[in-house]
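# An overview of the molecular structure
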Amino acid sequence: MAGNEWDIIVWRRANDLLQQAERIHRNFLQVASSAHYRVSHGRAPSWEPPVNVVETDASVWVICALPGVSHERMEVRLEGRELVIAGSRPLPKCCEDGELKIWEIPLGSFERRLKLTGGQKNLAVGKTSLHEGLLIIELRKQS
């Protein structure tokens with residue numbers, strides 16, 4: 001194997017380790033900050049789910065990744081020009097007695113706030129559905 005091929009392998013491994021360290025760091029900060037805020041402020045969200053936003057002529061669609069969260073454990077509401085998606089993802093019952101070895105999937109309270117900017121039309125929450133871990137929200141444009 002040529003020397004430059006070894007360099008590529010070493011750099012790939014180093015990159016993998018850096019990404020793992022970043023995930024651990026994010027999780028540590030989530031746990032540390034949520035523990036701090038939970039004591040002083042009650043229920044504080046500890047993570048934000050990722051979203052995609054698509055605008056059509058009639059609606060704004062928000063697709064939010066929430067695998068493992070049931071419809072009963074989430075809330076969607078408009079606060080002025082801000083969409084709020086909040087809820088919680090519990091630890092599965094099978095894992096309550098085990099020892100945590102790797103933590104990459106965020107658990108506990110979540111909240112995502114999206115400022116809805118642009119456009120002069122008011123928005124109203126239309127149809128919401130949960131399909132294969134994706135929460136799909138229609139915000140209808142009103143004249």
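In this report, the structure presented in the accompanying data block is examined.

Rules used throughout
Residues numbered from 1 in each chain as written. Predicted model: local features only at pLDDT ≥ 70, side-chain atom pairs only at ≥ 80, totals over all residues. Heavy atoms only, no water. Disulfide = S-S within 2.5 Å. Buried < 20%, exposed > 50% of the residue type's maximum accessible area, 1.4 Å probe, protein only. Pairing = 2+ DSSP bridges. Helix = DSSP H or I, 4+ residues; strand = E, 2+ residues; numbered from the N terminus. Core = buried A, V, L, I, M, F, W, Y, C linked by side-chain atoms within 4.5 Å. Contact = heavy atoms within 4.5 Å.

### Structural notes on the state of the cysteines
Applying the stated criterion across every chain, the model contains zero disulfides. Unpaired in terms of disulfides, Cys-94 finds its nearest cysteine sulfur in Cys-95, a separation of 3.1 Å. A relative accessible area of 67% places Cys-94 in the exposed class.

### Observations concerning the pairing of strand β2 (residues 59-65)
Looking at chain direction, strand β1 (residues 51-55) and β2 are connected through five bridges and run antiparallel. In the strand pairing of β2, Glu-55 is matched with Val-60. Between β1 and β2, which pair antiparallel in sequence order, lie three residues.

### So, the nonpolar core
Membership of the largest hydrophobic core comes to 17 residues, with the highest contact counts inside it found for Val-62, Leu-66, Leu-83, Ile-85 and Leu-139. The set of elements that each furnish at least two residues to this core consists of β2, β4 (82-89), β5 (108-115) and β7 (134-142). For Leu-66, the contacting residues outside a window of four places in its chain are Trp-47, Pro-49, Met-74, Ile-85, Arg-89, Phe-110, Gly-133 and Leu-135.

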